[in-house]
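In case you want the letters, here they are:
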Amino acid sequence: MMTGESIVILGGGSAGWMTASYLKKALRGVDIVLIESANVGTIGVGEASFSTLKLFFDYLGIDEAEWMPQCNATYKLAIKFNNWTAGGGSFYHPFQRYDVIDGNNLGEWWLHLKPNDAAFDSVCFSTPSLCENNRSPRYLDGTVFDHNVKATFNPANKTRPNAFLSNHRAQYPYGYHFEANLLASFLKKYATEIGVRCIEDDVDDVLLSIDGSIDCLRTRRNGAVKGSLYVDCTGFRGLLINQALQEPFVSFQDVLLNDRAVALQVPYPADRSDIEPFTSATTLPSGWVWNIPLYTRVGTGYVYCSQFISSEQAESALRAHIGPRARDCVANHIKMRIGRCRNSWVKNCVAIGLSSGFVEPLESTGIFFIQLGIEELLRHYAGVATEPEVVADYNRVMADCIDAVRDFLVLHYRASDRADTPFWRATKEIPVPPSMDQRLQLWKKRLPNERSINPCYHGFEFYSYSVMLLGLNYWPLCSLPTLRHADASAALAVFQEVEHRTRELVSRLPGHLEYLQHLRRTRNPSAMAEQSGETAA
């Protein structure tokens, strides 16, 4: 039964169709309309996600076997950072928390003990070895390798615990890679089947009411489209939030230099035997290159600063980096708008996705911002009414999140000791947000913990900060002093346990490609006991 409430979403793509799907599932009595133009393209490069994206599909009731094959999706266990330090080398930022021994996490113990002189990521986590050996995060029976998630993600649990991101307490051990355009198409089909109305048309004008709110959208062929709430998913254009409502955009260019990207869709070599289960970020002289291995191809792109390299030079550098396989690939040049709207909710309009805010894609936060924006809209939704205090709280939550992610990315550049080109020297010379400057000084004395990182919810836990600082060689001047007086035997035993567990997982988990092929042959894997019983390891 309809309630008279109606939400009009302008723009398709990942942001529009994720929003439409989720809102229609949650607000069954509300009319949801999405206006999509065939004349307006989307960025549509390969996407990588947080591990929290699983919550989105779980809420919709969509199984991996249903959506992953249709979106050329693969698993993402970590991000591999290549050549981010003056000495070169690489390290992994995994979806895996540290073990804790006698109140101190394994990162602290590694800094104190340096067991076997091995790299911190390979001895503190199992994930790096799974990545290096192209292992799937699931056994062929569907069991996830990490027993820590069994209770939370048991299909028998019908209450969907921790459904909202900011309430989420479990660290799921993988995210996803997928083709953004295919995901949008998949969700469009899903959303329209559950009742979302899609209008394929162009918006010629946005008419405002006397109070400055949106009265209606005037479309070319369907006339006026009215709603009680409008959602702007028009990407960097910000057609409603910025152009119609004139909400200012707060740029982050003073602290994050990269403002351009060039992307290619690269074929796999003919002799491909497996698929890497991780995203990689490899530095180049004026920025860095992403590599997202999809099922049928690789999405790759050079994120750079236009102050130091032209678009033509960037494309040439990217092609040289990839090699012969890039020869016939068509380049997609993207001008990125780095920053956020001063307010993402203005009057009766909410901006979600790129229209709300975007940092650079270094930690795959684009889809996360969409997901958080949708969930917080539901938390703050008041039907046809607009409650100023509630709107202000939504804007605070979203601004705090995006600003905190900005600071986390600033850490990547400032903590890196690479300074061999004008771009990399400039990353050390630009100002650092005051809150991050204070923390960087502290982290030269102590590794980050739950209390020393930004307390506002932004998707990254303290272990992510610790991993980045250790990987970038931005170490505290000494290990935790109290560990000099502690018995290290339990910690050494855990290091050995991680090593044993890792060997077992590498030997018993199927290859990544092997599992994806199995997934495509499995008609209904939800019937499998995903988390039933103990893990095979």
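Thresholds, definitions, all that
- Residues numbered from 1 in each chain as written.
- Predicted model: local features only at pLDDT ≥ 70, side-chain atom pairs only at ≥ 80, totals over all residues.
- Heavy atoms only, no water.
- Phe/Tyr/Trp six-rings, centres within 6.5 Å; stacked < 30°, edge-to-face > 60°.
- Helix = DSSP H or I, 4+ residues; strand = E, 2+ residues; numbered from the N terminus.
- Buried < 20%, exposed > 50% of the residue type's maximum accessible area, 1.4 Å probe, protein only.
- Contact = heavy atoms within 4.5 Å.
- Pairing = 2+ DSSP bridges.
- Arc of directions from axis to C-beta.
- Axes fitted to C-alpha atoms, helices over the stretch in contact; angles between N-to-C directions.
- Salt bridge = Lys/Arg side-chain N within 4 Å of Asp/Glu carboxyl O.
- Core = buried A, V, L, I, M, F, W, Y, C linked by side-chain atoms within 4.5 Å.
- Parallel < 35°, antiparallel > 145°, perpendicular 65-115°, else oblique.
- Left-handed = near helix turned anticlockwise from the far one by under 90°.
- Nonpolar A, V, L, I, M, F, W, Y, C, P; charged D, E, K, R; others polar.

S.K.: Help me understand the packing of aromatic side chains in this model?
M.R.: Two aromatic rings, taken as a pair, are described by how far apart their centres are and by the angle between their planes. Applying the stated criterion across every chain yields a total of 35 aromatic pairs. Relative to Tyr-515, the ring of Tyr-75 has its centre 6.0 Å away and its plane inclined at 45°; by these criteria the two rings are tilted. A residue pair is termed long-range when its members are at least 10 positions apart, and Tyr-75 in strand β4 (residues 74-76) and Tyr-515 in helix α16 (residues 512-521) qualify at 440 residues. Judged on exposure class, the residue Tyr-75 and its partner Tyr-515 are both buried. A centroid spacing of 5.0 Å and a plane angle of 25° characterise the contact between Tyr-98 and Phe-125, whose relative ring orientation is stacked. One end of the pair, Tyr-98, is in the loop between β6 (90-94) and β7 (100-101); the other, Phe-125, is in the loop between α5 (120-124) and α6 (127-132), and 27 residues separate them in sequence. A relative accessible area of 7% means that Tyr-98 is categorised as buried.

S.K.: I tried to follow helix α2 (residues 53-60) on my own but got confused; where do I start?
M.R.: Given 3.6 residues to a turn, an α-helix orients residues that are three or four positions apart in the same direction. Burial within α2 is extensive, with seven of its eight residues counted as buried. Tucked into the core, α2 has its buried residues touching α1 (13-26), α3 (64-67), β9 (175-179), α7 (180-193) and α10 (366-380). Just beyond α2, the residue with positive phi is Gly-61, at close to 80°.

S.K.: Please clarify how the pairing of strand β16 (residues 260-267) should be interpreted in this entry.
M.R.: Look at any regular strand and the pattern is simple: side chains alternate between the two faces of the sheet. Of the pairings in the sheet, the one linking β16 to strand β19 (residues 297-304) comprises eight bridges and is antiparallel in character. Bridge pairing links Arg-260 to Tyr-304 in β19. With four bridges joining them, β16 and strand β20 (residues 332-335) adopt antiparallel strand pairing. Bridging from a neighbouring strand, Arg-260 pairs with Lys-335 of β20.

S.K.: Help me understand helix α12 (residues 422-429), please; the structure alone is not making it clear to me.
M.R.: Within α12, burial applies to Phe-423, Trp-424, Ala-426 and Thr-427. For α12, the angular spread of buried residues about the axis comes to 155°, placing them on one side. For α12, the elements touching its buried residues are β17 (279-284), β18 (287-293) and α11 (388-415).

S.K.: Help me understand the sheet that holds β6, please; the structure alone is not making it clear to me.
M.R.: Strand pairing within a sheet occurs via backbone hydrogen bonds; the two strands may be parallel or antiparallel. An order of β6-β5-β17-β18-β19-β16-β20 is seen for the seven strands of this open sheet, with the pairing classed as mixed. With partners counted over all chains shown, the strands left at the sheet margins are β6 and β20, one partner each. Within the sheet, the average angular offset between the axes of one strand and its neighbour, ignoring direction, is 20°. Summarising the sheet, strand β5 (residues 78-82) and β17 pair through four bridges and their orientation is parallel. Along β17, the bridge assignment pairs Phe-81 with Ala-281.

S.K.: I'm lost on the pattern of salt bridges in this one. Help?
M.R.: Two side chains bearing opposite charge may form a pair once their charged atoms approach each other closely. A complete count under the given rule lists 27 salt bridges for this structure. The salt bridge partner of Asp-215 is Lys-226, with a shortest N-O separation of 2.9 Å. Here the residue Asp-215 occupies a position in strand β12 (residues 214-219), and Lys-226 occupies one in the loop between β13 (223-225) and β14 (229-232), the gap between them amounting to eleven residues. Among the residues examined, Lys-226 registers a relative accessible area of 51% and is labelled exposed.

S.K.: Could you clarify how one ought to interpret the sheet that holds β13 in this entry?
M.R.: Reading across from one edge, β11-β12-β13 is the order of the three strands in this open sheet, with antiparallel pairing throughout. In this open sheet, the two edge strands, each paired with only one partner strand, are β11 (203-208) and β13. For this sheet, the mean angle separating the axes of adjacent strands, direction not counted, is 30°. Relative to β13, β12 is paired through three bridges, and the arrangement is antiparallel. Paired with Leu-217 across the two strands is Val-225, which belongs to β13.

S.K.: Sorry if this is basic, but what is going on with the side chain of Glu-179 here?
M.R.: Considering the arrangement of structural elements, one finds Glu-179 in strand β9. On the basis of relative accessible area, Glu-179 is assigned to the buried category, the value being 13%. If we skip the residues at most four places from it in the chain, Glu-179 touches Cys-71, Asn-72, Leu-294, Thr-296 and Arg-297.

S.K.: Help me out: how do you make sense of the nonpolar core in this one?
M.R.: Within soluble globular proteins, side chains that are nonpolar generally end up buried alongside one another. One finds Ile-7, Trp-67 and Tyr-98 to be the most contacted residues of the largest nonpolar core, which totals 160 residues. Top element by residues in this core is α11. It accounts for twelve residues. Leaving out residues up to four positions away in the same chain, Tyr-98 has contacts with Asn-105, Leu-106, Gly-107, Phe-120, Cys-124, Phe-125, Phe-462, Tyr-463, Ser-466, Val-467 and Leu-470. Residues Val-33, Cys-216, Leu-217 and Cys-341 belong to the second largest nonpolar core, which totals 20 residues.

S.K.: Got a minute to help me understand the packing of α11 against helix α14 (residues 462-471) in this structure?
M.R.: The description of two packed helices rests on the angle between their axes and on the distance between the axes. It is at 9 Å that the axes of α11 and α14 come closest, and there the two elements cross at 15°. Classed by the angle they form, the pair α11 and α14 counts as roughly parallel. Taken as a pair, α11 and α14 cross one another with a handedness that is right-handed. Each of Ala-404, Phe-408, Leu-411, His-412 and Ala-415 in α11 lies in contact with α14, whose residues at this interface are Ser-464, Tyr-465, Met-468 and Leu-469. Among the residues making up the contact of α11 with α14, the classes are represented as seven nonpolar, two polar and no charged.

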